[in-house]
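Observations on the three-dimensional arrangement
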Amino acid sequence: QSGQSKSRIGAETDRRHCRWPSGSRAERTEQEQSRAAMASRGSCLAFNVEWFDANASLVRKYRLNYYEDETLDMINSVTGKSFLKRTYCPGVQKSDLFIGASITVFSRQLHLIEYADEGTTAYFSAENVRPFALVKPSAFSSIGEIISSIQHPFSLARMKMISLDASAADRFGCSAGQAVAIETTVIAAGANDDVASRWAKAMEVHGDGVYTACGGQDSHDDTVFAFETCRSSLESMPASSDMTACLVKPHVVIARQAGSVLSEILASGFTITAMEMVHLDRSMATNFFTVYQGVLTEYADMVAHMIENYSIFIRLEGPNVVADFRDFCGPNETELAKVLRPKSLRAQFGETRVRNAVHCTDLPEDGGLECEYFQYLLGV
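Residues numbered from 1 in each chain as written. Predicted model: local features only at pLDDT ≥ 70, side-chain atom pairs only at ≥ 80, totals over all residues. Heavy atoms only, no water.

1. Here we look at the side chain of Lys-249
On the secondary structure map, Lys-249 appears in the loop between β12 (243–248) and α8 (250–254). Buried charge without a salt bridge: Lys-249, with Glu-298 as the nearest opposite-charge side chain at an N-O distance of 9.6 Å. Separated by 2.6 Å, the side chains of Lys-249 and Asn-356 make a polar contact. Look past the residues within four positions of Lys-249 in its chain and what remains in contact with it is His-305, Met-306, Tyr-310, Ser-311, Val-354, Asn-356, Ala-357, Val-358 and His-359. (Helix = DSSP H or I, 4+ residues; strand = E, 2+ residues; numbered from the N terminus. Buried < 20%, exposed > 50% of the residue type's maximum accessible area, 1.4 Å probe, protein only. Lys, Arg positive; Asp, Glu negative; His and termini not counted. Salt bridge = Lys/Arg side-chain N within 4 Å of Asp/Glu carboxyl O. Polar contact = N/O pair within 3.5 Å; in protein donor to acceptor, adjacent residues only side chain to side chain. Contact = heavy atoms within 4.5 Å.)

Below, the structure written as structure tokens:
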């Protein structure tokens, strides 16, 4: 199926689901009052969201309401008009909704900026526990095993490699250096009842190498401090050109195999100097993979896969790292990789030519450029 036909289908889907309101202003006002009432009872979660319209080069703002029956609707924040009538959106779950998250609604990637009402604020403050962990510098070599231990009912929500100065290190009871901040979400109904004990049990096997918090104001403050105050490791760009970019693809993250990929990378002697979860939108993915347009017949499918869910960007450094890591990843074709390089990442974790586990830099001169591009995307 061509990229053109896929784009046409996406546009038809948008038109089918984005129906403009009918009825009088009074009826619409009554609907909005009803939504506000539902939010105050906790049966509707409301967020202010943003969508970058690449065609118009504008950031468009909406209010998104998510209901107990897993339906949602959207209202234009500027005009007050309905943008999307209440409908079921495949792929959007309650656990996906938190400040800083990105979700895809009928081909549009929305960024959740803030809570839109007091009811939603109260719900997330009192009920929605989001376990936090900080992998200390001393335990970084075990980051793969630590990520792999995050299993049901927990799911990765955010992950970011950060630099701890002396003050930050004192806060988390460790030495200064490179650490990894992790925030998770709870995906099982009723799991909040014992989420703190479950989280503690999941992390206790890693001993003093992991700082954990779960629930309460202290946990919230730790999460905000790590993700918003501490410097991203991406801020330190090496002077050397010996760096390469790796993207762990969405299907690997969804399958909870990202930890195993990280373990393989570190066990093979590669040095990770920056890492962060990122949700690409169509514009970002198209720009990054534009070199493959007209070269790979699967280009449109590749872009579509890259915007499905979160990826993990990794920067690696070392002599001849671009060529060495490219060989370590294996051939693009998964079946070929299984025959020629059975221990390569694509042989072990790939599924198809599109879902082939990882992207890696092809040419030595592109390593720095790809790393700089993600530094730009992540706002560093």
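2. Some points on unusual backbone geometry
With the exception of glycine, most residues fall at negative phi, and the peptide bonds are largely trans. Note that the residue after His-152, namely Pro-153, is joined by a cis bond; omega there is 10 degrees. Tracing the sequence through the fold places Pro-153 in the loop between α4 (143–148) and β8 (154–164). If you check the backbone angles, Glu-70 has positive phi at about 70 degrees while not being a glycine. For Glu-70, a relative accessible area of 43% translates into the label partly exposed. Phi is positive for Ala-357, close to 80 degrees, though the residue is something other than glycine.

3. As for the pattern of salt bridges
Two side chains bearing opposite charge may form a pair once their charged atoms approach each other closely. Under the definition given, this model contains 14 salt bridges. Of the charged contacts, one joins Glu-183 and Arg-130 as a salt bridge, the two residues approaching to 3.0 Å between their closest N and O atoms. Taken together, the residues span a long stretch of sequence, with Glu-183 in strand β9 (residues 177–186) and Arg-130 in the loop between α3 (118–126) and β7 (132–135) at a distance of 53 residues. Residues Glu-183 and Arg-130 agree in their burial class; the two are buried. Between Glu-317 and Arg-315 there is a salt bridge whose closest N-O contact spans 3.5 Å. For Glu-317, a relative accessible area of 22% gives the class partly exposed. Look at Arg-315 and you get buried, because its relative accessible area is 2%. Among the charged side chains, a salt-bridge network with shared partners connects Arg-130, Arg-158, Glu-183 and Glu-228.

4. Considering the confidence of the model for the chain
In this model, the chain carries a mean pLDDT of 85, and residues with pLDDT of at least 70 account for 86%. Below pLDDT 50 for its whole length, residues 37–42 participates in eight contacts with residues either more than four positions away or in separate chains. (pLDDT = per-residue confidence, 0-100.)

5. Points about the packing of aromatic side chains
Applying the stated rule across the entire model yields 16 aromatic pairs. Ring plane angle 55 degrees and centroid distance 5.9 Å describe the contact between Phe-47 and Tyr-115, whose orientation is recorded as tilted. Placement of Phe-47 in strand β1 (residues 44–53) and of Tyr-115 in strand β6 (residues 108–115) is noted, with a sequence separation of 68 residues between them. Of the residues examined, Phe-47 reaches a relative accessible area of 0% and is grouped as buried. (Phe/Tyr/Trp six-rings, centres within 6.5 Å; stacked < 30°, edge-to-face > 60°.)

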